[in-house]
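Topology and contacts: notes
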Amino acid sequence: MVYRFKLVSDEVSNFSREYEIDSSATFLQLRNAILDSVDYSKEDFNSFFLCDDEWQKHEEITLEDMGSSSDQDIWVMGDTPLNELIEEDGQKLIFVFDYMTERAFFMEMKESYPGKTLSDPICVLKRGKAPAQNIDLEEFEAKIDQTAATLPAEDLDLDIFEENQYDEEDIADGFDINNLG
């Protein structure tokens, strides 16, 4: 079976990639296809996270086993075939490519093609330029501060988040990958 994934960034609105990859390929093969298609170095540590429909992170698939002593399963990219964790169209994933700033790509398994196979993953659609792989931490913090400074004071009203004082309708419904092009 072949899976088709769409990948987008919340940093660059006109950027997207689509990949086709055999369901028996590993997360490491998917990682390498992504990094190759956006011209990123493979030297940095990164992870995939399986997400629910609201983009909440659940299982992590890491580049290397970091020797965690938790009771949770450890999923390593090179040892984990996609079909072991991805079972249906619409599965959402986050690919964290910059751990220092938690910058990531948002992914969704758009469809599967039963009865087809691929020997190597391929990028079947490239649109736009990927965000820079690494950014200066001081520059990143300055952008956050600048963005906060330009917001009207009423947008910064954090009183709604005081303990037991918020209305769930005031919190965004989530992130929709289909509205990003």
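Further up the page is the structure itself.
Residues numbered from 1 in each chain as written. Predicted model: local features only at pLDDT ≥ 70, side-chain atom pairs only at ≥ 80, totals over all residues. Heavy atoms only, no water.

Here we come to helix 1 (residues 27-37). Buried within helix 1 are the following residues: Phe-27, Leu-30, Arg-31, Ala-33, Ile-34, Leu-35 and Ser-37. The positive-phi residue at the C-terminal boundary of helix 1 is Asp-39, with phi of around 60 degrees. (Buried < 20%, exposed > 50% of the residue type's maximum accessible area, 1.4 Å probe, protein only. Helix = DSSP H or I, 4+ residues; strand = E, 2+ residues; numbered from the N terminus.)

On to the pairing of strand 2 (residues 16-22). Burial of strand 2 is extensive: seven of the seven residues sit out of reach of the surface. Residues of strand 2 alternate between two faces, with Ser-16, Glu-18, Glu-20 and Asp-22 on one and Arg-17, Tyr-19 and Ile-21 on the opposite face, all of them buried. A loop of six residues connects strand 1 (residues 2-9) with strand 2, the two strands running antiparallel in sequence. In this sheet, strand 8 (residues 122-127) lies alongside strand 2 in antiparallel orientation, the contact comprising five bridges. By the bridge assignment, Arg-17 is partnered in strand 8 with Lys-126. (Pairing = 2+ DSSP bridges.)

Of note in this structure, Asp-39 is not a glycine but carries a positive phi near 60 degrees. In this structure, Asp-39 sits in the loop between helix 1 and strand 3 (47-51). Relative accessible area serves as the criterion here: at 70%, Asp-39 is assigned to the exposed category. Of note in the backbone geometry, Glu-102 takes a positive phi value of approximately 55 degrees without being a glycine.

What the eight strands build is an open sheet, ordered 5-4-3-6-7-1-2-8; its pairing is mixed. Two strands bound the open sheet, and with one partner strand each, they are strand 5 (75-76) and strand 8. As paired elements, strand 4 (residues 57-62) and strand 5 share two bridges and run parallel to each other. From the neighbouring strand, Ile-61 faces strand 5, where its bridge partner is Trp-75.

These figures capture arrangement, not role.
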